[in-house]
Amino acid sequence: MAVTNFKVIIVGGGPVGLTAAHALHKAGIDFTVLERSNEIAMDVGASIALGSATLRVLHQLGLLDQLWDLGGEIGPLLKKFTIDGYKFKSGDFLYGMKKSHGLRPVAFHRAELVQSLYDQLPEEVKPNILTRKKVSDIQSGEKKAKVVCDDGSIYEGDLVLGADGVHSQTRKIMRKLALEADPNVNWDPEAPFTATYRCMWASFKRPTAVGDTAETQHKDSSIMYLVGKERGWIFLYEKLPQPTKERTSYTSEDVEAMGNRFAEYPIWDNLKVKDVFPDRMTGGMSDLHEGICNNWGWGRIVLAGDAIHKVCPNAGLGYQTGVQDVVSLVNILRQLVVPSEPSMGLSVSALEAMYKSYQSQRWDPLSHDAFISGQVTRIHAWANVWYYLLGRIVLVPHFMDTLMNDWLQAPATSKALAFNFLDAEEPFEGQVPWVHPLKNLY
Ligand SMILES: Cc1cc2nc3c(=O)[nH]c(=O)nc-3n(C[C@H](O)[C@H](O)[C@H](O)COP(=O)(O)OP(=O)(O)OC[C@H]3O[C@@H](n4cnc5c(N)ncnc54)[C@H](O)[C@@H]3O)c2cc1C
């Protein structure tokens, strides 16, 4: 039950929007989610792999028990192939994660993860999740914000949280309002991200053992193969003829053509793209935009998730960075609104100060995750000689442990945020202690 009369309107019922809904509910802050799709968990075919830092946050929210039934831990065996089927490496490349924080990443089917986030909302707040609500306009006033949907309906709140993805309408509206208020303000461009690669993904009935994972590396194109509990997924990556900031829509013919271009490439021992692609259950294709916005909030509008930062999926960090946004934002917001008198509300200047704290808390860890994501993508695609040497020769399991995990990933993971108002038993522990242990909240 809400303990304050502060209300957040969340634009977008994707994974980040629904995670925010859980967090706000636990913080005692009222919310409404406006989702443009007809259903919450549209099956677009992709997987989402989550590491220990994200899963412990979901554990704090009480969601982990049900999620275990859906996910499959990746590894221990990762194989690396060239496109002619030569297996140039094989080993436990993710052991470092298990050693440092108790768990290798766990792979979920995205639609099942999102459905579970929805299903696990308490019954009394499920009516706050509204579908077929495409947000078309936002007014940000001194006292309240109004959100207008394309069916003419209007929703009023104290804060609008744009979790509406890479092509965020909330981000576009916020930019327009900020520039109208001050034409000289230095703002992100309307299309703030650039795509250098595109990806086609597909899911199919699990062909090999749970946890199997492979990379197929080549100049400017690569594949990832992942096997979860029930399904397998392939991700086919290809460098674009030139980088673009535009939004390209791909047709089913484009999907078919890309599948055919990769048909003979291996994804596992004795398994090629052509052996799974024709039997795909779901799939999709998009350009992979990359970048981080500089403007995270204005007036009564703030952004989270893909709406403000976009990374390539090879390292599996996109949603995970969005979860960290939610933790940071809700921790700070709760401190501001929950102790205040019910009638006080929050001024725009107080909110804008909050956006600065939120952005500065998230900036360095986010930049680190974006760096890792960009590197992994370019290593898989042999983007230049240096990346080729890393991918093809240098990154053997032992060195991978030291470089990627012990030096880069484990220190970042240990500093990952957790909710500072929710207690929980620590679900994962390894050799590297958490900086924010759940039992000893900071
Ligand atoms: C192939 C692939 C594999 C990936 N694998 C991983 C992985 O392993 N691990 C990981 O952490 N991340 C992964 N990601 C990234 C992850 O999917 C995204 O980072 C994540 O989905 C972002 O969540 P979001 O809620 O911010 O945005 P989205 O998932 O884009 O959700 C936005 C929601 O807003 C809604 N919306 C949009 N506009 C409006 C509007 N005007 N009004 C109302 N609603 C609107 C949309 O319908 C959607 O439901 C992967 C991505 C891809 C493409």
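This text follows the structure it describes.
Residues numbered from 1 in each chain as written. Predicted model: local features only at pLDDT ≥ 70, side-chain atom pairs only at ≥ 80, totals over all residues. Heavy atoms only, no water.

Asks: What should I look at first to understand the site of the ligand in this one?
Replies: Around the ligand, the surrounding shell holds 31 residues, and the nearest of these are Glu 35, Ala 49, Arg 110, Val 135 and Asp 306. Measuring from an oxygen atom of the ligand, one finds a side-chain N or O atom of Arg 36 at 3.1 Å. For the ligand, whose free accessible area comes to 1000 Å², the fraction covered by protein is 89%. For the shell around the ligand, the elements supplying multiple residues, two or more each, are helix H1 (15–27), strand S3 (47–50) and helix H9 (318–337). A per-class count over the shell around the ligand returns 13 nonpolar, eleven polar and seven charged. (Near = heavy atom within 4 Å. Polar contact = N/O pair within 3.5 Å; in protein donor to acceptor, adjacent residues only side chain to side chain. Areas by Shrake-Rupley, 256 points an atom, 1.4 Å probe, with all protein chains shown as cover. Helix = DSSP H or I, 4+ residues; strand = E, 2+ residues; numbered from the N terminus. Nonpolar A, V, L, I, M, F, W, Y, C, P; charged D, E, K, R; others polar.)

Asks: Looking at this structure, how should I read the pairing of strand S13 (residues 194–205)?
Replies: Two faces belong to every sheet, and in a regular strand the side chains alternate between them. Within S13, ten of the twelve residues are buried, leaving the element largely enclosed by the surrounding structure. Where S13 and strand S16 (residues 231–244) come together, ten bridges link them in antiparallel fashion. Each bridged residue has a counterpart across the sheet, and for Met 200 the counterpart in S16 is Leu 236. (Buried < 20%, exposed > 50% of the residue type's maximum accessible area, 1.4 Å probe, protein only. Pairing = 2+ DSSP bridges.)

Asks: Looking at this structure, how should I read the sheet that holds S3?
Replies: If you walk across this open sheet you meet the three strands as S3-S7-S4, and the pairing is antiparallel. Each of the sheet's edge strands pairs with one partner strand only, and the pair in question is S3 and strand S4 (72–73). The sheet contact formed by S3 and strand S7 (residues 106–109) spans four bridges and is antiparallel. From the neighbouring strand, Ala 49 faces S7, where its bridge partner is Ala 107.

Asks: Teacher, can you tell me more about the packing of aromatic side chains here?
Replies: Centre distance and the angle of the planes are the two values used to describe a pair of aromatic rings. Across all of its chains, the model carries seven aromatic pairs by this definition. With a centroid separation of 5.2 Å and 65° between ring planes, the pair formed by Phe 262 and Tyr 265 is classed as edge-to-face. For the pair formed by Phe 262 and Tyr 265, the shared burial category is buried. The ring of Trp 434 carries Arg 56 above its face, with NZ or CZ at 3.7 Å from the centroid. Directly above the aromatic system of Phe 277 lies the positively charged group of Arg 280, at a separation of 3.9 Å from the ring centroid. (Phe/Tyr/Trp six-rings, centres within 6.5 Å; stacked < 30°, edge-to-face > 60°. Lys NZ or Arg CZ within 6 Å of the ring centre and 35° of its normal.)

Asks: What is the right way to read the pattern of salt bridges from this model?
Replies: If charged atoms from side chains of opposite charge come close, those side chains can pair. Overall, the coordinates contain 24 salt bridges when judged by the stated rule. With a closest N to O distance of 3.2 Å, Lys 98 and Glu 73 form a salt bridge. One end of the pair, Lys 98, is in helix H4 (residues 95–101); the other, Glu 73, is in strand S4, with 25 residues separating them in the sequence. When its relative accessible area of 31% is taken as the criterion, Lys 98 is described as partly exposed. Arg 378 is paired through a salt bridge with Glu 290; the nearest N and O atoms lie 2.8 Å apart. Taken as a pair, Arg 378 in helix H10 (residues 348–380) and Glu 290 in strand S19 (residues 282–292) lie far apart in primary sequence, 88 residues in all. Under the relative-accessibility criterion, Glu 290 is labelled buried at 16%. If you follow the salt bridges from partner to partner, you end up with Glu 73, Asp 92, Lys 98 and Arg 104 in one network. (Salt bridge = Lys/Arg side-chain N within 4 Å of Asp/Glu carboxyl O.)

Asks: It is not clear to me how helix H5 (residues 110–119) should be interpreted in this structure. Could you clarify?
Replies: Owing to its 3.6 residues per turn, the α-helix aligns residues three or four sequence positions apart on the same side. Buried within H5 we find Ala 111, Leu 113, Val 114, Ser 116 and Leu 117. On its buried face, H5 sits against H1, S3, helix H3 (64–68), S7 and H9. (Contact = heavy atoms within 4.5 Å.)

Asks: Teacher, can you tell me more about a nonpolar patch on the surface here?
Replies: Where nonpolar side chains cluster on the molecular surface, the patch consists of Val 385, Tyr 388, Leu 389, Ile 393, Val 394, Val 396 and Phe 399 and spans about 540 Å² of accessible area. The dominant element in the nonpolar patch, judged by the number of residues it contributes, is helix H11 (residues 385–394), at five residues. Along the chain, the position of Tyr 388 falls in helix H11. (Patch = residues over 30% accessible without salt bridge, like charges linked within 9 Å, V, L, I, M, F, W, Y side chains within 5 Å.)

Asks: Teacher, can you tell me more about the nonpolar core here?
Replies: Generally speaking, soluble globular proteins have nonpolar side chains that are buried together. Ile 10, Leu 333 and Phe 419 are the most contacted members of the largest nonpolar core, which has 81 residues in total. Here this core gets nine residues from one element, more than from any other, and that element is H9. Counting 24 residues, the second largest nonpolar core, distinct from the first, contains Ala 214, Met 258, Val 276 and Met 285. (Core = buried A, V, L, I, M, F, W, Y, C linked by side-chain atoms within 4.5 Å.)

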